[in-house]
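Listed here are the chains, written in short residue letters.
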Amino acid sequence: MANIVEIAVNTEGFSTLVAAVQAAGLVEALQSPGPFTVFAPNDAAFEKLPPGTVQTLVQNPPQLARILKYHVVSGKLEQSDLARLGTVTSLEGAPIPIDCSDAFEVKNATVLAANIEADNGIIHVLNNVILMG
């Protein structure tokens, strides 16, 4: 089975996320055994950010890494696990609210595809980039 990075690299719609993970120096971490739960914004989610935001972040790897770590949780958590927990703590350290009462929502994002299995965790595809605070 492919790991989280391999799935992102080989799946259409994640080129911005892959480039960001590379720029932030997080490829090796996300290829490690984990397990991790990754809330993965697709390319359309990054396109919703104000113009120039992605380029600015790529030029500031520490800030980019902080934002990307906010999209990752330690452990392999499926939608049902997340619904039960209600809030999880990101690798960045800030809490991420989860709401499964109507749709599957992670902070201000809706999950477009849930429970994508990887060798070292699980991926949930988001329609928005989530930010701390």
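Look a little higher up for the structure.
Predicted model, so just to flag it, every value in this text is computed and none were measured.

J.: Looking at this model, I keep getting lost on the sheet that holds strand β7 (residues 121-126). Mind explaining?
T.: Adjacent strands of a sheet pair through backbone hydrogen bonds, lying either parallel or antiparallel. Taking strand neighbours across the sheet as the criterion, the seven strands line up as β2-β1-β7-β6-β5-β4-β3 in an open arrangement whose pairing is mixed. Lying at the two open borders of the sheet, with one neighbouring strand each, are β2 (72-74) and β3 (87-89). Pairing between strand β4 (residues 95-99) and strand β5 (residues 105-106): two bridges, direction antiparallel. If you follow D99 over to β5, its bridge partner there is E105.

J.: What's the story with the environment of N127 in this structure? I'm lost.
T.: Mapped onto the elements, N127 comes out in the segment after β7. Owing to a relative accessible area of 19%, N127 belongs among the buried residues under this scheme. Separated by 56 residues in sequence, N127 and H71 place their C-alpha atoms 13 Å apart. In this structure N127 touches N42, A45, K48, A109, T110 and L112, once residues within four positions along its chain are discounted. One polar contact links N127 to N128, side chain to side chain, over a distance of 3.5 Å.

Reading the values: rules and limits
Residues numbered from 1 in each chain as written. Predicted model: local features only at pLDDT ≥ 70, side-chain atom pairs only at ≥ 80, totals over all residues. Heavy atoms only, no water. Pairing = 2+ DSSP bridges. Helix = DSSP H or I, 4+ residues; strand = E, 2+ residues; numbered from the N terminus. Buried < 20%, exposed > 50% of the residue type's maximum accessible area, 1.4 Å probe, protein only. Contact = heavy atoms within 4.5 Å. Polar contact = N/O pair within 3.5 Å; in protein donor to acceptor, adjacent residues only side chain to side chain.

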